[in-house]
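Here's the letter readout for the chains.
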Amino acid sequence: MAETTLRNGDAGQTSSNPLKSAWSRISPSLVPVLAVVTALIITVPFMIITGGRGDVSRGINIAGLGYSALIEGSLGLVINDRVSIDDLDQVIALAQAEAQSGGTLDQADLRRFSRSVGQLVAVGSDNARRYQEILAGYEALDDETLTELGESVAEIQAVGAAELDRLRPLIAELEPLDRGDVRALAEDYARMESVSAEDRAALEAVAPSAAQYADGDLMQAMRVVNREGIVRLARLVASLDLLTEAGIALDSPAATDLSEMAALDRGATTARAAVETVTRLDASGIVNVEALQEQIELVRAMYDQDLLTNNDVITAINTELEAAAAENLVVRRPGNRLVVDRQDAPFGIIYSSGEVSAEQAELQAVEGDAPADEAVEAAAVTPVRGKPEVVYLRLGGSALLFFPANLETLLVRATPFIIAGLAVALGFKAGMFNIGAEGQLYAGAIVGVWVGFSPVFAGLPWFIHVPLVLIGGIFGGFLWGAIPGALKAYTGAHEVIVTIMLNYVAILLVDWLIKSTNPIILLDPAASTPRTPFVNPSGRLPVFTDIAPFVFILAGLLIAGLGLWSRRQALQQDIRAAIRPVIYGVLVAVGGLFLQWITVRGALHIGFVVMLVTVWFVDWFLNRTTLGFEIRTVGTNPDAARYAGMSVPRNLIFAMAFSGALAGLAGTIEISGVQFAMQPSFFSGLGFDAIAVALLARSNPRNMIPAGLLWGALLAGAGLMQVRADISLDLVKIIQALIIMFIAADAIIRYLWRIPKPTEKLQTSTFSKGWGG
């Protein structure tokens with residue numbers, strides 16, 4: 001077999017394995033992807049230890065639930081089982097047993113029975129059967145007394161049955177006396193070191209049985225009375241008598257069962273209800289109580305969806321259930337919610353009814369979107385009637401579901417990360433570590449929000465006011481970024497230290513501007529919490545649903561037309577030169593219509609388009625312009641750049657200023673497109689997350705979109721992952737930390753995945769400064 005030569009950091013090695021050769025060629029470009037995959041894999045043991053409590057199978061199941069919820073919460077994609085008649089075997093058996101016994105079951109009965117089955121699941125069927133024997137032995141006692149008896153088992157064990165029997169005469173004589181007198185007498189004995197004749201006489205006067213006790217035994221007895229209290233001791237003696245009459249020893253399983261019953265919610269009442277339920281289910285031949293509970297809730301959900309209509313549940317199950325499952329697409333969601341389409345089609349779209357669905361309510365809950373003040377109320381958007389709620393594709397007994405609202409949320413959250421990541425990457429290209437994106441976000445956003453609400457710009461049409469808001473944010477970030485650039489260029493001050501300090505300056509300056517009351521600068525006096533006034537409607541970024549569909553078609557035609565015009569000479573020689581411009585035009589038109597289609601919550605704004613244009617512009621600027629070439633050259637080798645006649649100080653200042661402008665744009669888009677007002681400590685680390693996004697993208701503007709989408713996905717899906725798999729939100733932070741670590745120390749990934757080292761030339765040109773690409 002012919003040998004293939006592989007070029008890597010060592011000498012030319014050879015391999016006769018074509019798969020290994022292919023992996024050696026493509027794997028170096030997959031390092032960021034493999035870093036993410038490795039971080040997700042390494043996180044599984046955390047779930048096994050924390051959620052699974054060391055149970056590997058349970059931990060892996062939790063990991064599957066968590067990652068499935070992460071994908072659903074971010075991309076909106078999930079596979080759920082369809083409801084079939086086989087999934088309802090337990091509830092069908094219940095209906096048949098009830099019908100044979102002549103019983104009836106309406107919807108109210110079903111609801112009450114569902115609660116009873118839920119209590120039985122909490123108690124446990126085996127436990128309920130044991131409790132049945134205990135309850136049969138105490139039929140004369142009510143539930144409250146029986147609960148107290150169960151609670152006293154542990155107390156009797158703590159005091160000791162023998163001790164109670166020894167104290168029984170003394171307790172019987174002291175219990176009728178005044179509680180205060182008994183307490184005072186017991187406290188006196190508790191302090192005594194010996195019993196005098198006078199003390200004994202005083203006690204024997206009220207409790208003659210004290211004469212039966214020796215001095216030491218009497219002191220010990222009264223100390224028990226002082227510690228436990230006479231009322232409690234009398235109750236324990238009565239409980240001990242009841243246990244003795246029933247033949248229950250304190251160390252017997254029956255005593256343990258009594259104690260467990262008392263520990264239940266509502267004590268013996270819950271235990272009695274569980275006994276009645278398990279007796280009823282045993283008579284019906286039902287043993288899988290957990291499955292029955294889920295199926296009852298499923299039947300109730302089918303009633304809510306009008307799939308079942310007969311109020312007699314038994315009749316509905318026997319006559320309507322099979323047809324409802326067969327003639328409709330019924331998909332079971334977590335929490336026994338249903339996705340229903342009134343047709344059993346292989347593919348379809350379910351549109352909203354105009355009300356907030358259960359899925360949207362859960363998504364809003366895990367995102368923390370509950371209205372807290374006027375700012376949130378102003379930003380809240382009610383779903384529009386007729387918007388796509390679920391898209392489904394039938395897959396045998398399951399269905400692939402797509403929730404557009406989740407993807408819309410992801411795109412909204414990822415947009416500022418992508419632009420801020422570009423800001424950090426631009427600094428990397430110039431050989432500088434811009435850790436000040438956080439402060440530049442604040443500087444740009446505060447200028448942008450002022451332009452948005454200021455009376456100076458009131459009355460402007462939106463197509464003028466919105467660009468002014470964005471330009472204001474760009475200008476604010478530009479100025480704040482130019483400061484560390486100038487200090488670096490003319491004083492040699494390290495940009496990391498300067499930008500870190502300027503972060504605090506910007507954040508605290510914005511805090512003062514918003515909170516200042518004397519004088520009021522940017523504070524809205526009418527707000528319940530410190531914040532700026534709302535951006536005027538004319539200064540807010542339009543959402544995609546505000547744009548007519550023909551605009552996207554026109555934009556596609558324009559892009560295609562410009563592309564064809566630029567290739568007019570090539571078209572004269574080869575008509576195939578038109579393929580790429582036409583494809584670009586189609587992508588623009590179809591992409592715009594798709595983004596409008598998924599804007600179901602009215603949240604996706606044209607800042608997403610601004611982001612795409614910004615990515616294209618930064619990539620074009622760095623790779624197609626003289627100034628971009630100079631910035632990259634200065635970042636790679638300042639001495640060579642200086643020797644070639646390039647102004648190193650000018651390029652350093654411009655690179656940092658341009659980086660700050662991008663960060664300011666990111667902050668302004670978040671203000672004018674999502675929140676519409678600014679609060680102190682608003683961005684909460686977005687600028688620092690941008691560093692991770694830039695590292696993940698290897699400072700390549702074209703890679704910034706998938707890197708930002710990944711970061712946004714981790715944040716967008718974290719809440720749903722916590723709800724579905726009971727996983728802490730901190731797990732997402734662990735995943736993010738691992739990703740950053742693997743990107744920064746990519747030798748770990750290269751070793752784990754057997755990726756060859758980069759060539760010396762690649763190392764010199766790409767990693768000369770140690771940051772990015």
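Preceding block: the structure.
Residues numbered from 1 in each chain as written. Predicted model: local features only at pLDDT ≥ 70, side-chain atom pairs only at ≥ 80, totals over all residues. Heavy atoms only, no water.

Asks: Quick one: what's the story with the nonpolar core, residue by residue and with numbers?
Replies: The biggest cluster of nonpolar side chains holds 116 residues, and the ones touching the most others in it are Ile446, Leu604, Met678, Phe683 and Ile739. With 14 residues, the single largest contributor to this core is helix α20 (residues 404-429). When near neighbours in sequence (up to four residues on either side) are disregarded, methionine 678 contacts Tyr442, Ala445, Ile446, Val449, Val510, Ile514, Arg531, Thr532, Ile671 and Phe683. Counting 82 residues, the second largest nonpolar core, distinct from the first, contains Ala210, Val224, Met302 and Val313. (Core = buried A, V, L, I, M, F, W, Y, C linked by side-chain atoms within 4.5 Å. Buried < 20%, exposed > 50% of the residue type's maximum accessible area, 1.4 Å probe, protein only. Helix = DSSP H or I, 4+ residues; strand = E, 2+ residues; numbered from the N terminus. Contact = heavy atoms within 4.5 Å.)

Asks: A description of the side chain of serine 27 should follow, citing residues and the corresponding values.
Replies: Checked against the element boundaries, serine 27 lands in the loop between α1 (18-26) and α2 (31-50). Those residues in contact with serine 27 that lie beyond four places of it in its chain are Ile755 and Pro756.

Asks: Summarise the pairing of strand β5 (residues 337-341); cite the residues concerned and give the values.
Replies: Taking burial as the measure, the 5 residues of β5 include 4 buried ones, the bulk of the element. Here strand β4 (residues 329-333) pairs with β5 via 5 bridges, running antiparallel. Each residue of the ladder has a partner; that of valine 331, found in β5, is valine 339. Remark: 3 residues form the turn of the hairpin made by β4 and β5, two consecutive strands paired antiparallel; glycine 335 in that turn has positive phi of roughly 80°. (Pairing = 2+ DSSP bridges.)

Asks: Which residues make up the environment of alanine 274, and what values do they have?
Replies: When you line up the elements, alanine 274 lands in helix α14 (residues 268-284). For alanine 274 and glutamine 119, which are 155 residues apart along the polypeptide, the C-alpha to C-alpha distance reads 6.3 Å. Once you skip the residues sitting within four places of it in the chain, alanine 274 turns out to touch Leu120, Val123 and Ala128.

Asks: Run through the sheet that holds strand β7 (residues 388-395), naming residues and quoting values.
Replies: Spatial ordering of the open sheet is given by β3-β8-β7-β6, a layout of 4 strands whose pairing is antiparallel. Each edge of the open sheet carries a strand with a single partner, namely β3 (77-81) and β6 (347-351). For this sheet, the mean inter-axis angle between neighbouring strands, taken without regard to orientation, is 25°. Sheet topology note: the β7/strand β8 (residues 398-402) ladder contains 5 bridges and is antiparallel. By the bridge assignment for β8, arginine 394 is matched with alanine 399. Against the sheet, helix α3 (residues 56-75) touches β3 and β8, its axis set at about 125° to β3. (Axes fitted to C-alpha atoms, helices over the stretch in contact; angles between N-to-C directions.)

Asks: I'd like to hear about the pattern of salt bridges, residue by residue, with values.
Replies: Scanning the model with the defined rule gives 30 salt bridges in all. Between glutamate 228 and arginine 232 there is a salt bridge whose closest N-O contact spans 1.9 Å. Linking lysine 515 and aspartate 511 is a salt bridge whose minimum nitrogen-to-oxygen distance equals 3.2 Å. In this pair, lysine 515 and aspartate 511 are both assigned in helix α23 (residues 495-515), 4 residues apart and thus about one turn of the helix distant. (Salt bridge = Lys/Arg side-chain N within 4 Å of Asp/Glu carboxyl O.)

Asks: Kindly report on the packing of aromatic side chains, identifying the contributing residues and their values.
Replies: All told, the structure shown has 12 aromatic pairs when counted by the stated rule. Taken together, a centroid distance of 5.7 Å and an interplanar angle of 90° make the contact between tryptophan 450 and phenylalanine 457 edge-to-face. Geometrically, the ring pair formed by phenylalanine 654 and phenylalanine 658 is tilted, given 5.7 Å between the ring centres and 50° between the ring planes. You can see phenylalanine 654 and its partner phenylalanine 658 sitting in helix α30 (residues 648-675), 4 residues apart, about one turn around the helix. Joined through ring pairs, the aromatic side chains of Trp616, Phe617, Trp620, Phe621, Phe654 and Phe658 make up one cluster. (Phe/Tyr/Trp six-rings, centres within 6.5 Å; stacked < 30°, edge-to-face > 60°.)

Asks: Could you give an account of helix α9 (residues 179-191), with specific residues and numbers?
Replies: Relative to the 18 Å expected for 13 residues at 1.5 Å per residue, α9 spans 19 Å between its end C-alpha atoms, a close match to the ideal helical length. Listed as buried for α9 are Val182, Leu185, Ala186 and Tyr189. In an axial view of α9, the angular spread of the buried residues amounts to 100°, which keeps them on one side of the axis. Those residues of α9 that are buried lie in contact with α8 (161-174), α10 (197-206), α11 (215-228) and α12 (230-245). The N-capping residue of α9, defined by a side-chain oxygen 3.0 Å from the backbone nitrogen of glycine 180, is aspartate 178. (Expected span 1.5 Å × (residues − 1). Arc of directions from axis to C-beta. Polar contact = N/O pair within 3.5 Å; in protein donor to acceptor, adjacent residues only side chain to side chain.)

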